Amino acid sequence: MASSQNYSEAAGDLRQFLKELDDENDLLVIKSEVDPEMELAAITRRVYETEDKAPLFENITGRVGNGLFRVLGAPVGLSRVPGQRLGRIAKSLGLPSTATGKEIIAKINDAKHLKPLPPNEVASGPVKEHKIFGDEIDLTTLPTPRLHQHDGGKFIQTFGMYIVQRPNGTWTNWSITRAMVHGKQTLVGPIIPKQDIGVIYQEWKDLGKDMPFALCFGVPPAAIMVGGMPIPKGEDEAGYIGALVGKPLDAVKCETSDLLVPANAEIVMEGFASISETAPEGPMMEYHGLVYPGRSKECPLFKVNAITYREDPILPICITGRATEESHTVWAVMIAAEVLNICQNAGLPIQMVWCPFESHAHWLAIQVNRQELLKLKTNMQDFCVKLGHIVLGSKPGWYIPKVFLVGEDIDPTDLRDLLWAEATRCEPGTSEFLFDEYGNIPLIPYVAHGTKPVRNNKKVVRCCMLPCEFVDEELPWKVGSFKGSYPPDVQRKVERDWEKYGFDAL
Ligand SMILES: Cc1cc2nc3c(=O)[nH]c(=O)nc-3n(C[C@H](O)[C@H](O)[C@H](O)COP(=O)(O)O)c2cc1C
């Protein structure tokens with residue numbers, strides 16, 4: 001790839017993102033007819049599980065002409081392209097596809113320290129190429145994919161971004177929350193009170209007015225990443241996204257409200273979330289890989305009174321379930337970056353945070369900066385308790401019940417390292433610090449369906465560092481590995497002569 005490439009372009013524009021995926025052999029345009037009644041989702045699920053190319057379905061049974069819509073599966077799935085496993089995450093954030101987990105977290109975290117760049121309002125944009133209103137809209141006739149056989153409906157909204165604003169206009173929230181088709185002009189979806197959309201919805205409820213919303217599909221990849229990021233309440237995502245991409249996003253006004261939406265979005269549905277009308281919603285397969293069939297819940301109705309869209313628009317989707325899908329590559333990665341930011345703002349000697357995909361957004365691996373840790377002259381107990389209160393009591397801490405504290409010799413993005421550290425350095429009871437003053441997201445299976453605790457379900461910091469790591473300048477052990485057990489000249493010789501011995505090149 002040319003070194004002059006402007007990596008931010010793909011982060012700011014889905015079509016550029018797809019062009020670059022295609023150039024890198026990480027996109028598969030499927031022109032043969034695919035049935036949205038589960039075949040499309042089954043293909044996408046297999047793609048997640050094999051880390052294959054992102055499928056762009058162009059010929060979906062029931063789609064009319066160049067109208068609504070093509071479907072993009074696994075938009076931020078993992079990649080099988082050599083050296084680019086995290087390529088779609090990296091590209092979404094304006095990094096080269098070869099970026100490591102550490103580089104990805106650094107990019108997200110660094111943008112936190114830049115000046116926010118709020119959107120730039122423009123008169124029109126591609127999302128205004130087509131407009132339909134009122135009775136022209138019939139969501140039930142769209143080729144909305146059925147995502148899993150045990151879902152309680154067809155979820156059109158799994159990877160779009162809601163835009164809502166508090167009634168006095170001082171805070172605009174961009175976030176991801178799911179929705180299924182309910183009727184010709186209605187969606188239904190959960191609004192969790194603790195999420196920012198829930199806080200803003202409550203303000204509209206208190207006023208006695210329905211909440212205006214814009215549901216935007218196919219937004220700039222950096223915007224959807226940040227839509228899944230738990231940034232502090234009252235802070236606008238849009239300005240931070242501008243800082244992340246390096247320039248403000250172009251935005252256009254909605255047809256039926258003053259909300260601004262990304263001008264290059266693929267599809268925007270506009271309307272009002274009812275404060276009085278509800279309908280049964282779900283269940284839907286969850287990000288932890290389980291669904292409890294047959295259990296629907298009453299959720300607010302979202303009335304759609306206008307849809308604007310580009311020519312030949314694309315609906316990105318996420319097929320939730322076992323890792324690795326976007327709940328893990330987007331939500332979990334963005335949680336990790338926000339936790340690093342929270343630790344560093346609190347003055348803790350933490351240099352890296354990762355949420356292992358395989359933990360399905362239930363674990364955080366938090367790595368200390370040892371030089372800084374030693375300066376604190378602390379000990380395991382005091383440090384872990386302090387860290388636990390700061391992390392587990394934070395906004396992203398609500399999602400995460402289990403923290404693993406690791407030393408500098410452990411790569412938090414390498415699950416083998418993390419397991420080794422936990423197995424060898426974390427002593428049951430002694431190195432585990434429990435917290436029951438902070439609640440947990442009720443979606444965690446053992447929270448909703450486990451033994452009911454007297455108080456909250458506990459959270460834990462597992463210290464995967466030995467006591468000496470808090471005090472000794474030099475670690476007293478040596479590691480039994482190719483890198484740890486042989487002098488550099490022997491390592492170099494073995495590496496150089498590897499193929500001469502008869503092995504395949506590594
Ligand atoms: C693919 C995907 C699907 C998500 N679905 C939901 C959802 O249905 N409900 C929800 O409350 N959060 C969902 N989230 C998580 C929220 O987007 C995330 O917690 C975000 O921080 C919420 O925005 P806020 O911090 O502005 O409240 C999803 C995240 C991703 C990446």
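Residues numbered from 1 in each chain as written. Predicted model: local features only at pLDDT ≥ 70, side-chain atom pairs only at ≥ 80, totals over all residues. Heavy atoms only, no water.

*Asks:* An account of the overall build of the protein is requested, with residue identities and associated values reported.
*Replies:* Scanning the protein from N- to C-terminus turns up 15 helices and 20 strands. The C-alpha atoms of the protein give a radius of gyration of 24 Å, which matches the 23 Å a tight globule of 506 residues would have. A sequence separation of at least 24 residues applies to 73% of the contacts in the protein between residues at least 6 apart. Approximately 21500 Å² of the protein is accessible, and the part contributed by carbon and sulfur atoms is 52%. Charge centroids of the protein, computed over 53 positive and 66 negative side chains, lie 2 Å from each other. (Helix = DSSP H or I, 4+ residues; strand = E, 2+ residues; numbered from the N terminus. Rg over C-alpha atoms; globule rule 2.2 N^0.38 Å. Contact = heavy atoms within 4.5 Å. Areas by Shrake-Rupley, 256 points an atom, 1.4 Å probe, with all protein chains shown as cover. Lys, Arg positive; Asp, Glu negative; His and termini not counted. Charge placed at Lys NZ, Arg CZ, Asp CG, Glu CD.)

*Asks:* Before we move on, could you go through empty space enclosed by the protein and cite the residues and values that matter?
*Replies:* As enumerated under the stated definition, the model contains 1 cavity of 30 Å³ or more in all. Counted as a void, the largest cavity has a volume near 90 Å³. Forming the walls of the largest cavity are L14, F17, P75, V76, S92, F159, G218, V219, P221, I224 and P316. Those elements that place two or more of their residues in the lining of the largest cavity are α2 (14-23) and α7 (221-227). Among the residues forming the lining of the largest cavity, the class breakdown is 9 nonpolar, 2 polar and no charged. (1 Å grid on protein atoms, 1.4 Å probe; cavity = no way out; pocket = protein on both sides within 12 Å on 5 of 7 lines; lining within 4 Å. Points joined across faces, edges and corners; volume = space filled by probe spheres on them. Nonpolar A, V, L, I, M, F, W, Y, C, P; charged D, E, K, R; others polar.)

*Asks:* So what's going on with helix α8 (residues 237-245)? Residues and values would help.
*Replies:* Within α8, 9 of the 9 residues are buried, which leaves it mostly tucked inside the rest of the structure. Those residues of α8 not exposed but buried are E237, A238, G239, Y240, I241, G242, A243, L244 and V245. Summarising the contacts, the buried residues of α8 are in contact with α1 (8-12), α5 (101-111), β7 (172-175), α6 (196-207) and α7. Following α8 by one or two positions, G246 adopts a phi angle in the positive range, close to 95 degrees. (Buried < 20%, exposed > 50% of the residue type's maximum accessible area, 1.4 Å probe, protein only.)

*Asks:* Can you tell me about the UniProt feature "domain: 3-octaprenyl-4-hydroxybenzoate carboxy-lyase-like N-terminal" (unreviewed entry) in the protein, naming the residues and giving the values?
*Replies:* Annotation from UniProt places "domain: 3-octaprenyl-4-hydroxybenzoate carboxy-lyase-like N-terminal" (unreviewed entry) at residues 18-107. A helix fraction of 34% and a strand fraction of 12% characterise residues 18-107, whose end C-alpha atoms lie 21 Å from each other. (UniProt positions renumbered as here; feature names shortened; annotations may be inferred.)

*Asks:* Can you tell me about the sheet that holds strand β1 (residues 27-30), naming the residues and giving the values?
*Replies:* Backbone hydrogen bonds are what pair the strands of a sheet, in a parallel or an antiparallel way. The mixed open sheet is built from 4 strands, whose spatial order is β1-β2-β3-β15. Two strands bound the open sheet, and with one partner strand each, they are β1 and β15 (314-316). Averaged over all pairs of adjacent strands, the angle between their axes in this sheet comes to 20 degrees, without regard to strand direction. For strand β3 (residues 70-72) and β15, the ladder comprises 3 bridges, and the chain directions are parallel. Across the sheet, the residue bridging to R70 is I314, located in β15. Here α2 sits on the sheet and contacts β1, β2 (54-57), β3 and β15; the angle it forms with β15, its principal contact strand, is near 80 degrees. Its contacts with the sheet put helix α3 (residues 39-50) on β1, β2 and β3, and the angle it makes with β2 is roughly 160 degrees. (Pairing = 2+ DSSP bridges. Axes fitted to C-alpha atoms, helices over the stretch in contact; angles between N-to-C directions.)

*Asks:* Quick rundown of the site of the ligand? Include the residues and the values.
*Replies:* Looking at the ligand, there are 21 residues lining it, with N173, I176, R178, D196 and K395 nearest. Within the backbone of M229, one N or O atom sits 3.3 Å away from an oxygen atom of the ligand. W331 is positioned with one of its side-chain polar atoms (N or O) 3.0 Å from an oxygen atom of the ligand. More than half of the atoms belonging to the ligand lie within 2 Å of the grid points that define the largest pocket. Listed by contribution, the elements that provide at least two residues to the shell around the ligand are β7 and α9 (326-345). (Near = heavy atom within 4 Å. Polar contact = N/O pair within 3.5 Å; in protein donor to acceptor, adjacent residues only side chain to side chain. Sits in = over half its atoms within 2 Å of the grid points.)

*Asks:* Before we move on, can you summarise the side chain of R178 with the specific residues and values?
*Replies:* With respect to the helices and strands, the residue R178 is situated in the loop between β7 and β8 (180-183). There is a polar contact of 2.8 Å between the side chain of R178 and the side chain of E281. Not counting residues within four places of it along the chain, the set of residues in contact with R178 comprises F155, Q157, G189, P190, E281, G282, M284 and E286.

*Asks:* Break down the sheet that holds strand β4 (residues 120-121) for me, citing the residues and quoting the values.
*Replies:* One open sheet accounts for 3 strands, arranged β4-β11-β12; its pairing is mixed. Of all strands in the sheet, those with a lone pairing partner are β4 and β12 (260-262), marking the two edges. Of the pairings in the sheet, the one linking strand β11 (residues 250-253) to β12 comprises 3 bridges and is antiparallel in character. Within β12, the position partnered with K253 by the bridge is L260.

*Asks:* With reference to specific residues and values, describe the domain arrangement of the protein.
*Replies:* Partitioning the protein into domains gives domain 1 (8-109), domain 2 (118-316) and domain 3 (346-475). Counting from both sides, the interface comprises 6 residues of domain 1 and, opposite them, 5 residues of domain 3. For the domain 1 and domain 3 pair, buried surface summed over both sides reaches about 470 Å², with 82% attributable to carbon and sulfur atoms. Its largest share of buried area at the contact with domain 3, domain 1 owes to G101, K102 and I105, together 61% of the area lost on that side. Taken together, the links from domain 1 to domain 3 amount to 0 salt bridges. Linking domain 1 with domain 3 are 0 residue pairs in polar contact (both at pLDDT 80 or more). With 3 residues, α5 is the single largest residue contributor to the side of domain 1 that touches domain 3. When grouped by side-chain class, the residues that make up the side of domain 1 that touches domain 3 number 4 nonpolar, 1 polar and 1 charged. (Domains from an automatic or database assignment. Buried area = accessible area lost by both parts, 1.4 Å probe. Salt bridge = Lys/Arg side-chain N within 4 Å of Asp/Glu carboxyl O.)

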